[in-house]
Amino acid sequence: MPFQASFIHSIYTLFMQRLSRAISYYLRHAPQELGLQLEPGGWVEVAGLLAGLQAKGHPCTLADLTRLVASSDKRRFALDGQRIRANQGHSVPVNLQLTPQSPPPLLYHGTTARFVPGILEQGLHRGKRHHVHLSQCLDSARQVGQRRGSVVILQVDAESMQQQGHPFYCSANQVWLTNFVPPQFIRLTGGQPDPG
Ligand code: HQG
């Protein structure tokens, strides 16, 4: 790529990363800061989001937003006509209209070494979010855990949990969600990445 094109590409990539972080924040944690209220499912009007972002110094066009939704590695957002939402990860009250589903027998949670003693003693808590987030594959769990440093991957016996009455939900971007994972269902893994 010629130097000038590569420079513009890098600037645009940075712009999109910043935009993604801003939209994650507003749609999951602070819609009121943009004067928005989440509808059932977590939806807001695209026009309201664009206007709110503009007012907060994150100007973006509908084309930027569409590209962001399509290119998000984790499919963090969804567009539905004139509406947009974050698929999961909220801390504000919202009814995501999830229905309980049967999980795969094993799920994984990526975390960091310093949290492990507390988790093995008290279980996995949802913290400020609505749910504990779990992944179907080791690689996704590894990426989540790496955000905080030295990664440890925990294996969750989802099948036994479900048999004992713990509900599971699956978000539109394939994150498995549950309310709490008691310690007896958690095991340390070697954390080897998926072969494929
Ligand atoms: C830990 C990102 C001590 C837990 C990611 C985690 C994910 C405990 C942290 C999504 C504990 C909470 C969610 C206990 C839980 N003692 N520590 N008893 N129970 N923890 O960010 O799962 O990129 O709320 O292990 O990729 O890390 O934003 O949850 O480390 O999908 O789209 O407490 O956020 O998605 O941290 O991440 P978080 P998470 P995005």
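Structure's up top.
Because the structure is predicted, anything quoted here is derived from the model rather than measured.

Rules used throughout
As a convention, each chain's residues are numbered from 1 in the sequence order in which they are written. Where local features are concerned, this predicted model is filtered to residues with pLDDT of at least 70; where side-chain atom pairs are given and counted, the filter is 80 or more; whole-chain, interface and lining totals use all residues. Values shown for side chains rest on all heavy atoms present in the structure; no hydrogens or waters enter the calculation. Like-charged residues within 9 Å of one another, or nonpolar side chains (Val, Leu, Ile, Met, Phe, Trp, Tyr) within 5 Å, are grouped into patches, provided each residue has over 30% relative accessible area and no salt bridge. Computed by Shrake-Rupley with a 1.4 Å probe, the accessible areas treat only the displayed protein chains as cover when residues are assessed. Counted as salt bridges are all cases of a side-chain nitrogen of Lys or Arg within 4 Å of a carboxyl oxygen of Asp or Glu. Charge counting treats Lys and Arg as positive and Asp and Glu as negative, with His and both chain ends excluded. By convention, the point assigned to a charge is CZ for Arg, NZ for Lys, CD for Glu and CG for Asp. Per the convention used, a helix needs a DSSP run of H or I reaching at least four residues, while a strand needs a run of E reaching at least two, with both numbered from the N terminus. Throughout, exposure labels follow a simple rule: accessible area from a 1.4 Å probe, protein chains only, divided by the maximum for the residue type, with under 20% read as buried, over 50% as exposed, and the rest as partly exposed. Under this definition, polar contacts are N or O atom pairs within 3.5 Å; protein pairs additionally need one hydrogen-donor-capable and one acceptor-capable atom, and for neighbouring residues in sequence, both atoms have to be side-chain atoms. Strand pairing is assigned whenever DSSP identifies at least 2 bridges connecting the two strands. Here, residues are in contact when the closest pair of their heavy atoms is within 4.5 Å. Axis definition: a line fitted to C-alpha atoms, limited for helices to the stretch in contact. Angles are taken between N-to-C directions and run from 0 to 180 degrees.

1. Re a positive patch on the surface
Part 1 of the reasoning: Taken together, the side chains of Lys74, Arg114, Arg147 and Arg148 define a basic patch exposed on the protein surface.
Part 2 of the reasoning: Topologically, Arg148 is positioned in the loop between helix 5 (138-146) and strand 6 (151-157).

2. Some words on the side chain of Ser72
Part 1 of the reasoning: Here Ser72 is to be found in the loop between helix 3 (62-71) and strand 2 (77-80).
Part 2 of the reasoning: Overall, the relative accessible area of 11% leaves Ser72 in the buried class.
Part 3 of the reasoning: Engagement of the side chain of Ser72 in a polar contact is seen with the backbone nitrogen of Arg76, the distance being 3.1 Å.

3. Considering the sheet that holds strand 3 (residues 83-86)
Part 1 of the reasoning: The 3 strands are arranged 1-3-2 in an open sheet whose pairing can be described as antiparallel. Only two strands of the sheet have a single partner each, and these edge strands are strand 1 (44-45) and strand 2.
Part 2 of the reasoning: Alignment of strand 2 against strand 3, held across 4 bridges, turns out to be antiparallel. From the neighbouring strand, Ala78 faces strand 3, where its bridge partner is Arg85.
Part 3 of the reasoning: Here helix 3 sits on the sheet and contacts strand 2 and strand 3; the angle it forms with strand 2, its principal contact strand, is near 125 degrees.

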